[in-house]
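These are the residues of each chain, in order.
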Amino acid sequence: MLSSDEVKRLALAAGFDACGIARAEALTDSEYPLRQWLARGWHAELQYMERNVDKRLDPRRLVEGARTVICCVSAYPPPDSAGGIAAYARHRDYHTDIKQMLFALRQRLAIEAKACCDTAPISDKHWAARAGLGWIGRHTLLVTPRWGTWVNLGELVTTEECDRYDSPVSNRCADCRLCVDACPGGAIAPDGPPMIDAARCTAYYTTHHPRPLPDGLDARGYTLGCDLCQLACPFNRL
Ligand code: SF4
Ligand code: SF4
């Protein structure tokens, strides 16, 4: 049986800034509207998102017998200017560092666990939200109360039970639409569950699916990714 306090203490010792622990169960459609997003065709040509839907929604399909998802946050500095390269890509590739920190945490806990960071079919941000580390904003990113959206995420999925699990926090977007208004392509759903139309998101064309922007889309000076919806978010200005 894992001790929640001990897991969190060791996560900080491994270099993370915060840790939350969720019971490994299926995410609901309102927590992660993946099927709705796919049905709308808003994944554009990201065909890989059509695969492993069951695993993306339920970590027990990813790791047989999984009981616990240990979610970890590593904050990075906000950008000091808009345009050019998105904030997350201005630093060393975070995947390597996050994976190493997850391996270190796994070793300190002396458990078997699958270390995930953006590569396995599991949604890091939706699990971080389930584990109470923040909420999914309209721009579909995790908003943490302390660091806003300027965070990298990773998790350990394990069959170990934990003595205490965290609960999701309330979504604090309320009536705000600042990210919706800031998006040059109108990609962000103004209402309903957080969703982005990839074909209207300039970052889709400069990172996930490199090719020239279609007529009518303006990257507003970004050559890799885009931070405009994050820069507009009041939780990034605190
Ligand atoms: S990354 Fe840029 S283009 Fe994509 S949703 Fe956010 S503001 Fe819109
Ligand atoms: S800008 Fe407003 S609506 Fe968008 S994620 Fe931030 S708080 Fe939510």
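Position numbers for residues start from 1 in each chain and track the written sequence from start to end. Following the order in which they are written, the chains are lettered starting with A and the ligands numbered starting with 1. Selection of residues for local features in this predicted model requires a pLDDT of at least 70, selection of side-chain atom pairs for listing and counting requires 80 or more, and totals for whole chains, interfaces and linings are taken over all residues.

Thoughts on the site of ligand 1
Then, number 1: Defining nearness, a residue is near a molecule or strand when the C-beta atom obtained from its backbone falls within 6 Å of it. Taken together, the neighbourhood of ligand 1 is formed by 14 residues, with Cys183, Cys201, Cys226, Leu228 and Cys229 sitting nearest.
Then, number 2: For helices the rule is a DSSP run of H or I covering at least 4 residues; for strands it is a run of E covering at least 2, with both sets numbered from the N terminus onward. Among the secondary structure elements, those contributing two or more residues to the shell around ligand 1 are helix H8 (202-208) and helix H9 (228-232).
Then, number 3: Looking at side-chain class alone, the shell around ligand 1 contains 11 nonpolar, 3 polar and no charged residues. Ten residues, namely Ala, Val, Leu, Ile, Met, Phe, Trp, Tyr, Cys and Pro, are considered nonpolar, four, namely Asp, Glu, Lys and Arg, are considered charged, and the remaining ones, Gly among them, are considered polar.

Things to note about the environment of Thr223
Then, number 1: Relative to the assigned elements, Thr223 resides in strand E8 (residues 222-224).
Then, number 2: Judged by the 11 C-beta atoms lying within 10 Å of it, Thr223 is exposed.
Then, number 3: The sequence separation of Thr223 and Arg61 amounts to 162 residues, and the corresponding C-alpha distance is 37 Å.
Then, number 4: Note that contacts rest on C-beta atoms placed from the backbone: two residues are in contact if these are within 7 Å. If we skip the residues at most four places from it in the chain, Thr223 touches Gly84, Ile85 and Thr206. As a rule, residues whose C-beta atom has 12 or fewer other C-beta atoms within 10 Å are exposed, those with 20 or more are buried, and those in between are partly exposed; C-beta atoms are placed from the backbone.

Topic: the sheet that holds strand E2 (residues 68-75)
Then, number 1: Spatial strand order, E1-E2-E7-E4: 4 strands in an open sheet with antiparallel pairing. Only two strands of the sheet have a single partner each, and these edge strands are strand E1 (18-23) and strand E4 (114-116). Across this sheet, the average inter-strand angle for adjacent strands is 20°, counted without regard to direction.
Then, number 2: The criterion for strand pairing is that DSSP finds at least two bridges linking the strands in question. Sheet topology places E2 next to strand E7 (residues 151-158); 8 bridges connect them, and they run antiparallel. Bridge pairing links Cys71 to Glu155 in E7.
Then, number 3: Axis definition: a line fitted to C-alpha atoms, limited for helices to the stretch in contact. Angles are taken between N-to-C directions and run from 0 to 180 degrees. Across the face of the sheet, helix H1 (residues 4-13) comes into contact with E1 and E2 while running at roughly 140° to E1.
Then, number 4: Seen against the sheet, helix H5 (residues 94-109) touches E2, E4 and E7 and runs at an angle of roughly 40° to E7.

Focus on the site of ligand 2
Then, number 1: Near ligand 2 you find 13 residues, and of these Gly137, Cys173, Cys176, Cys179 and Cys233 are the closest.
Then, number 2: Along the lines of polarity and charge, the residues of the shell around ligand 2 split into 9 nonpolar, 2 polar and 2 charged.
Then, number 3: Here the shell around ligand 2 gathers at least three residues from each of two domains, domain 1 (4-158) and domain 2 (178-236). Here the bounds of each domain stem from an automatic or database domain assignment.

A word on H5
Then, number 1: Helix span, as expected, comes to 1.5 Å for every residue beyond the first. Between its terminal C-alpha atoms H5 stretches 22 Å, which fits the 22 Å expected from 16 residues at 1.5 Å a residue.
Then, number 2: Of the surrounding elements, those touching the buried residues of H5 are H1, E2, E4 and E7.

Digging into unusual backbone geometry
Note on backbone geometry: most residues besides glycine have negative phi, and most peptide bonds are trans.
Then, number 1: A positive phi angle is found at Ala44, which is not glycine, with a value near 50°.
Then, number 2: Of the residues examined, Ala44 has 16 C-beta atoms within 10 Å and is grouped as partly exposed.
Then, number 3: Located in the positive-phi region is Asn52, a residue other than glycine, with phi close to 55°.
Then, number 4: With respect to the helices and strands, the residue Asn52 is situated in the loop between helix H2 (34-40) and helix H3 (53-57).

Some remarks on the nonpolar core
Then, number 1: In plain words, the nonpolar core is the set of buried Ala, Val, Leu, Ile, Met, Phe, Trp, Tyr and Cys residues that C-beta atoms within 7 Å link up. Core analysis: the biggest nonpolar cluster contains 67 residues, and Cys71, Ala128, Leu142 and Val157 have the highest contact counts within it.
Then, number 2: For this core, the two domains that each supply at least three residues are domain 1 (4-158) and domain 2 (178-236).

Structural notes on the environment of Leu178
Then, number 1: As for its position among the elements, Leu178 is in helix H7 (residues 178-182).
Then, number 2: Taking C-alpha positions, Leu178 is 8.1 Å from Pro234, a pair spaced 56 residues apart along the chain.
Then, number 3: Beyond its immediate sequence surroundings of up to four residues, Leu178 is in contact with Ala232, Cys233 and Pro234.

Details of the domain arrangement of the chain
Then, number 1: For the chain, the assigned domains read domain 1 (4-158) and domain 2 (178-236).
Then, number 2: Every contact between the two is made by 29 residues of domain 1 and, on the other side, 30 residues of domain 2.
Then, number 3: Breaking the side of domain 1 that touches domain 2 down by element, the ones donating at least two residues are H2 and strand E3 (84-85).
Then, number 4: Here the side of domain 1 that touches domain 2 is built from residues that sort into 17 nonpolar, 10 polar and 2 charged.

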